[in-house]
Amino acid sequence: MMTMKQFLFCVSFFGLLICFSSCSNTEDAVLEKQNSQQTLEKVQEVEIQELITFIEMLNANQVQTRGRFWDRIKLFFIGDAWGWGYGMEYTSSSMGGLISAIVFSVVFATFSDSLPSQWWRLNSDWKVYNSPLRDYEIIGNNHNKAIYDLITTDNSIANGTFSNDYLYNSTNKKLKSYGYGYEMSLLEKSRLMLMMDNLKTCTTMEQFRTLMQRECPQRMSEFELVENYVDGLINKNDKATVRSYTKQVYAQIDASSLTASAISRLKTMIAVAENSKFLWLEIE
């Protein structure tokens, strides 16, 4: 007959076996999840590179005729789009993305030594979508609307005499008047304030690219895709041609096997850049 001591030993032994088995299963599950995530990331990266190749093919026969103004204002279009991607990365909120996109745009417009404000004007006919329906269309529309309203009604923003905090608060208030309700946390806001200081030192695409590589290394392939899209806007001056070009890119993105969140990010960044194209005009 088993003694009490032997019984307790057996119970403890089997308990240890169950514990080891459970730990092993947990470790296996964690490892499997990590492997699945890595596989997904590799597949997504391949998909994005294929999309980049597709856009490069669309742009291949394009004769570039724009000069210095395009090279400089390209920073605006890409800054607006990447600003959305940056905002979504750190807030996961449409309003957070919009605040960042607008702030990036205004900082580049008012602080860029390479493109001072006397080189550009705002286009009063800034609407790309007269009746925006999809989320990314609405966001692109509100991006232009907010910038136009802020710069045409606030001299301190138009003249670049604002503080970072003032620009943030003005943008936040403007978007809330459109019906947005998100409030950045203190950490998110502080990070954006620091980013605004860094943006003021960027006068070239190379400098901006280096900054974004540091801030959002995991998004650089998506940012590269958007930059290639913007390069395709170079000689497309009328809205119908731009719309046709954008729809081709959207269709290819929709046909990919990217995740829903990646598709949403890419299409919204493109929508912001497309709208930005018709917001900023060169002063002849």
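Everything quoted here is computed from the prediction, not taken from an experiment.

Draft legend 1. Expanded view of the overall build of the protein chain. In terms of helices and strands, the protein chain carries 11 helices and two strands. Counting all 284 residues of the protein chain, 47% fall into the buried class. For the protein chain, the proportion of contacts with a sequence separation of at least 24, taken over those separated by at least 6, is 76%. Surface summary for the protein chain: the accessible area is close to 14400 Å², and the carbon and sulfur share equals 54%.

Draft legend 2. Examining the environment of Tyr168 more closely. Position of Tyr168 among the secondary structure elements: in helix 6 (residues 164-177). With 66 residues separating them in the primary sequence, Tyr168 and Ile102 have C-alpha atoms 9.3 Å apart.

Draft legend 3. Quick peek at the nonpolar core. In this structure, Trp82, Phe208, Met212, Tyr229 and Trp280 are the most contacted members of the largest nonpolar core, which totals 77 residues. Among the elements that take part in this core, helix 3 (residues 94-111) stands out by supplying 11 residues, more than any other. Not counting the four nearest positions on each side in its chain, Trp280 is found in contact with Ile73, Phe76, Phe77, Asp80, Ser105, Ala109, Trp120, Arg121, Leu122, Ile147 and Ile151.

Draft legend 4. Structural context of the packing of aromatic side chains. Considering all chains together, one arrives at 10 aromatic pairs under this definition. On the basis of an interplanar angle of 75° and a centroid distance of 4.8 Å, the ring pair of Phe76 and Trp280 is categorised as edge-to-face. Of the two residues, Phe76 sits in helix 2 (residues 68-91) while Trp280 sits in strand 2 (residues 280-282), which places them 204 residues apart along the sequence. Taken as a pair, Phe76 and Trp280 share a single burial class, namely buried. These aromatic residues form a ring-pair network of at least three members: Trp82, Tyr86, Tyr90, Phe104, Phe108, Phe208 and Phe223. For the cation-ring pair, Arg191 lies above Tyr90, with the distance from its terminal atom to the ring centre recorded as 3.7 Å. Above the ring of Tyr250, the side-chain terminus of Lys267 is found at 5.2 Å from the ring centroid.

Draft legend 5. Here's a closer look at the side chain of Gln44. Checked against the element boundaries, Gln44 lands in helix 1 (residues 4-59). Side-chain polar atoms of Gln44 contact the backbone nitrogen of Thr259, separated by 3.0 Å. What Gln44 contacts, discounting residues up to four positions off in sequence, is Ser257, Leu258, Thr259 and Ala262.

Draft legend 6. Empty space enclosed by the protein, seen in detail. Evaluation of the coordinates by the stated rule reveals one cavity of 30 Å³ or more. Volume-wise, the largest cavity comes out at about 40 Å³. Lining of the largest cavity is provided by Tyr86, Gly87, Tyr90, Thr91, Ser100, Met184, Glu188 and Leu192. Secondary-structure elements contributing two or more residues to the lining of the largest cavity are helix 2 and helix 7 (186-199). Take the lining of the largest cavity: its biggest share by element is four residues, from helix 2. Here the lining of the largest cavity is composed, by residue class, of four nonpolar, three polar and one charged.

Draft legend 7. Broad picture of the packing of helix 8 (residues 205-215) against helix 9 (residues 220-231). Packing of helix 8 against helix 9 leaves a shortest axis separation of 10 Å and a crossing angle of 150°. Taken together, helix 8 and helix 9 sit at an angle that is classed as roughly antiparallel. In the crossing of helix 8 with helix 9, the sense of the turn from one axis to the other is right-handed. Contacts between helix 8 and helix 9 pair Met205, Arg209, Met212 and Gln213 from the former with Met220, Phe223 and Glu227 from the latter. For the contact of helix 8 with helix 9, the per-class residue count stands at four nonpolar, one polar and two charged.

Draft legend 8. Structural view of the pattern of salt bridges. On inspection of all chains with the given rule, the structure shows 16 salt bridges. The residue Lys74 makes a salt bridge to Asp231 at a minimum N-O spacing of 2.9 Å. Here Lys74 is found in helix 2, whereas its partner Asp231 is found in helix 9, with 157 residues between them in sequence. Classification of Lys74 by relative accessible area gives buried; the value is 13%. We classify Asp231 as partly exposed; its relative accessible area is 25%. When salt bridges that share partners are traced, they join Lys74, Arg209, Glu227 and Asp231 into one network.

Calculation rules
- Residues numbered from 1 in each chain as written.
- Predicted model: local features only at pLDDT ≥ 70, side-chain atom pairs only at ≥ 80, totals over all residues.
- Heavy atoms only, no water.
- Helix = DSSP H or I, 4+ residues; strand = E, 2+ residues; numbered from the N terminus.
- Buried < 20%, exposed > 50% of the residue type's maximum accessible area, 1.4 Å probe, protein only.
- Contact = heavy atoms within 4.5 Å.
- Areas by Shrake-Rupley, 256 points an atom, 1.4 Å probe, with all protein chains shown as cover.
- Core = buried A, V, L, I, M, F, W, Y, C linked by side-chain atoms within 4.5 Å.
- Phe/Tyr/Trp six-rings, centres within 6.5 Å; stacked < 30°, edge-to-face > 60°.
- Lys NZ or Arg CZ within 6 Å of the ring centre and 35° of its normal.
- Polar contact = N/O pair within 3.5 Å; in protein donor to acceptor, adjacent residues only side chain to side chain.
- 1 Å grid on protein atoms, 1.4 Å probe; cavity = no way out; pocket = protein on both sides within 12 Å on 5 of 7 lines; lining within 4 Å.
- Points joined across faces, edges and corners; volume = space filled by probe spheres on them.
- Nonpolar A, V, L, I, M, F, W, Y, C, P; charged D, E, K, R; others polar.
- Axes fitted to C-alpha atoms, helices over the stretch in contact; angles between N-to-C directions.
- Parallel < 35°, antiparallel > 145°, perpendicular 65-115°, else oblique.
- Left-handed = near helix turned anticlockwise from the far one by under 90°.
- Salt bridge = Lys/Arg side-chain N within 4 Å of Asp/Glu carboxyl O.

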